[in-house]
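Coordinate inspection notes
Read off the chains here:
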Amino acid sequence: MGERALGKTTFLNALSDYIPKDERIVTIEDNAELRIQNVPNLVRLEARNANVEGVGEITLRQLLKASLRMRPSRIIVGEVRGSEAIDMLQSLNTGHCGASTGHSNSPMDMLSRLETMVLMGMDIPLSAVQRQIASAIDIIVHLGRLRDKSRKVLQIVEVLGYENGEIKLQTLYEFREKQMKEGRIEGEWVKVHEIQKKEKLLAAGYSQI
């Protein structure tokens, strides 16, 4: 997540190189921007606007629901920006892996935006929405633009769960600025906390975390 024009889709493309090649991947987008390579079993779905007669529209929500019947190993949504957020969360909470991008200024702001987007599509208590988000999302990667105009990964944040009426987060890694040299910001990645929710990584075969 991050502001506009930060390369979030490009970053998601780069992450897709680490998806196991034997998985069945379904991508869902408003406009086809993802360029996932070297995945033999790849299904691309793209939304469509209504025609001049006002019919024929295919929404992200419809595509998300249809994708669940395609036996996907992983669902990748190009960008979540509306009521389709509830369908994405439900898919993540029913055994499907996935990833997406979103616009916000911070990881906590991204969670607040998700809450708003879910409530746009379904009238349910806020606490239920927050529990769904806390259960569905494991990691948030925050991209940002520094004052020297460079774009960097600023934070990797773990979603710990829902407690006392709010979603708990902890920072795993963060970029810390050290100095400005020849007009460029120099810094380093710092490990802040150990990851706590290791079950999915262990299930995927990562014995050393």
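See above for the structure.
We now turn to the structure provided with this report. (Residues numbered from 1 in each chain as written. Predicted model: local features only at pLDDT ≥ 70, side-chain atom pairs only at ≥ 80, totals over all residues. Heavy atoms only, no water.)

**Comments concerning the packing of aromatic side chains**
Two aromatic rings are characterised by how far apart their centres lie and by the angle between their planes. The final tally for this structure, using the stated rule, is 1 aromatic pair. On the numbers, 6.4 Å between centres and 65° between planes, the contact of Tyr173 with Trp189 is edge-to-face. Highlighted residues: Tyr173 in strand S7 (residues 166-181) and Trp189 in strand S8 (residues 184-191), separated in sequence by 16 residues. According to the relative accessible area criterion, Tyr173 is partly exposed, its value standing at 33%. (Phe/Tyr/Trp six-rings, centres within 6.5 Å; stacked < 30°, edge-to-face > 60°. Helix = DSSP H or I, 4+ residues; strand = E, 2+ residues; numbered from the N terminus. Buried < 20%, exposed > 50% of the residue type's maximum accessible area, 1.4 Å probe, protein only.)

**Focus on helix H4 (residues 107-121)**
Its 15 residues give H4 an end-to-end C-alpha distance of 22 Å, which sits within 8% of 21 Å, the value for a rise of 1.5 Å per residue. Listed as buried for H4 are Pro107, Met110, Leu111, Leu114, Glu115, Met117 and Val118. Down the axis of H4, the sector holding all buried residues measures 170°, keeping them to one side. Turning to H4, the residues buried within the fold contact helix H3 (84-92), helix H5 (126-136), strand S5 (139-145), strand S6 (151-163) and S7. (Expected span 1.5 Å × (residues − 1). Arc of directions from axis to C-beta. Contact = heavy atoms within 4.5 Å.)

**Observations concerning the pattern of salt bridges**
The full count for this structure, using the stated rule, is 10 salt bridges. Put simply, Asp138 and Lys200 hold a salt bridge, and the shortest N to O gap is 2.9 Å. Of this pair, Asp138 sits in the loop between H5 and S5 while Lys200 sits in helix H6 (residues 199-203); the two residues are 62 residues apart in sequence, bridging distant segments of the chain. Looking at Asp138, the relative accessible area reads 26%, which means it is partly exposed. The salt bridge involving Glu174 is made with Arg176; its shortest N-O contact spans 2.6 Å. A relative accessible area of 39% places Arg176 in the partly exposed class. (Salt bridge = Lys/Arg side-chain N within 4 Å of Asp/Glu carboxyl O.)

**As for the sheet that holds strand S4 (residues 97-100)**
Judged by pairing direction, the sheet is parallel, and its 4 strands sit side by side in the order S2-S1-S3-S4 without closing on themselves. Each having just a single partner strand, strand S2 (42-46) and S4 make up the two edges of the open sheet. Averaged over neighbouring strand pairs, the angle between their axes works out to 15° when direction is ignored. Relative to S4, strand S3 (residues 74-77) runs parallel, the two being bridged by 4 bridges. When the bridges of S4 are listed, Arg74 appears paired with Cys97. Sheet strands touched by helix H2 (residues 60-67): strand S1 (25-29), S2 and S3. Its angle to S1, the strand with the most contacts, is close to 170°. (Pairing = 2+ DSSP bridges. Axes fitted to C-alpha atoms, helices over the stretch in contact; angles between N-to-C directions.)

**Here we look at H3**
In terms of residue burial, H3 counts as a mostly covered element, since 8 of its 9 residues are buried. Taken residue by residue, H3 has Glu84, Ala85, Ile86, Asp87, Met88, Leu89, Ser91 and Leu92 as its buried positions. Buried residues along H3 sit in contact with H2, S3, S4, H4 and H5.

**Some words on the sheet that holds S8**
Across the sheet, which stays open at both edges, the 4 strands sit in the order S5-S6-S7-S8 with antiparallel pairing between neighbours. Here the strands that pair on one side only, and so sit at the sheet edges, are S5 and S8. Strand after strand, the sheet turns through a mean of 30° between neighbouring axes, direction not considered.

**As for the nonpolar core**
With 31 residues, the main nonpolar core has Ile28, Met88, Leu89, Leu114, Ile133, Ile137 and Ile140 as its most contacted residues. Within the residue set of this core, elements represented by two or more residues are S1, S2, H2, S3, H3, H4, H5 and S6. Non-local contacts of Ile133, meaning those with residues more than four positions away in its chain, are made with Leu89, Leu111, Leu114, Glu115 and Ile167. One finds Leu12, Ile19, Ile36 and Val39 within the second-largest nonpolar core, a separate group that totals 7 residues. (Core = buried A, V, L, I, M, F, W, Y, C linked by side-chain atoms within 4.5 Å.)

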